Amino acid sequence: MKKKAARFLQHASKHKNKNKRIMKEEKLNTEEQENVQIEDEAIAEESENTNEQAAQEEEVKVTDPLAEAEEQIAKLKDQLLRTIAEFENYKKRTLKEKTELILNGGEKTITAILPVLDDFERALADTNTDDPTAIKEGMDLIFKKFIKTLEGLGVHKIETADKDFDVDYHEAIAMVPGMGDDKKGKVIDCVQTGYMLNDKVIRHAKVAVGQ
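Quick look at the structure, then. (Residues numbered from 1 in each chain as written. Predicted model: local features only at pLDDT ≥ 70, side-chain atom pairs only at ≥ 80, totals over all residues. Heavy atoms only, no water.)

Some thoughts on the pattern of salt bridges
Thought 1: As enumerated under the stated definition, the model contains 7 salt bridges in all.
Thought 2: The partner of lysine 145 in a salt bridge is aspartate 119, and the shortest N-O contact between them spans 2.9 Å. Here aspartate 119 lies in helix α2 (residues 65–125) and lysine 145 lies in helix α3 (residues 132–152), a separation of 26 residues in the sequence.
Thought 3: Residue lysine 145 is classed as partly exposed on the basis of its relative accessible area of 34%.
Thought 4: Taken together, the shared-partner salt bridges connect Asp119, Arg122 and Lys145 into one network. (Salt bridge = Lys/Arg side-chain N within 4 Å of Asp/Glu carboxyl O. Helix = DSSP H or I, 4+ residues; strand = E, 2+ residues; numbered from the N terminus. Buried < 20%, exposed > 50% of the residue type's maximum accessible area, 1.4 Å probe, protein only.)

Structure representation (structure tokens):
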């Protein structure tokens, strides 16, 4: 009888402990659920606040034409300043390139003419001959070399022999009457040779024209 009572008490104690454990677990689960619910509510509230703030900002942006106009003006001002700066840089770069081109062009011309100058110096220093023919031939060679050098630089002689008078290339300094109808308006004589640099007249030919 005592053994049965002891087993009953032992069984009852185990059952009671089990119930306590179950109740404790249920309490923990309930607290966890409540915490999760609180967190969800906090997230939902924060999201709602964020959406409301975004909506308010969007509303202000849409309904504030002055702010939009000021923003547009600021952008246009920035673009204008950038364009002006780029144009100034372009002007400086172009001016520098033009200056270098002029200087380099002059250097190229002088460098090309120097060999002709050397020939003149050698001819003047040659005192071993008194032969007029040899001197003339030497001068002719130097002259032809000089003409060839000028042609290499783009300088060409304006032709005048048997040409019609043309104000674009010729400058009439005299009219020669009595030359016949076939010479009327024609270049009779060239007093000073004219030259062109590429396609540009740099000196008109001074000529006498038949009248």
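Structural notes on the sheet that holds strand β1 (residues 155–157)
Thought 1: What the 3 strands build is an open sheet, ordered β1-β4-β5; its pairing is antiparallel. Of all the strands in the sheet, the pair left with one neighbour each is β1 and β5 (200–203). Strand-to-strand, the axes of this sheet are offset by a mean angle of 35°, without reference to chain direction.
Thought 2: When β1 meets strand β4 (residues 195–197), the two strands line up antiparallel, connected through 3 bridges. Residue pairing in the sheet places lysine 157 in a bridge with tyrosine 195 of β4. (Pairing = 2+ DSSP bridges. Axes fitted to C-alpha atoms, helices over the stretch in contact; angles between N-to-C directions.)

Structural notes on a nonpolar patch on the surface
Thought 1: Taken together, the side chains of Ile110, Leu114, Leu117, Phe120, Ile135 and Met139 present a nonpolar region at the surface, about 520 Å² in accessible area.
Thought 2: Put simply, the parts of the chain that give the nonpolar patch at least two residues each are α2 and α3.
Thought 3: The greatest single-element share of the nonpolar patch, amounting to 4 residues, is contributed by α2.
Thought 4: Tracing the backbone shows methionine 139 in helix α3. (Patch = residues over 30% accessible without salt bridge, like charges linked within 9 Å, V, L, I, M, F, W, Y side chains within 5 Å. Areas by Shrake-Rupley, 256 points an atom, 1.4 Å probe, with all protein chains shown as cover.)

Purely geometric stuff here, so don't read any function into it on its own.
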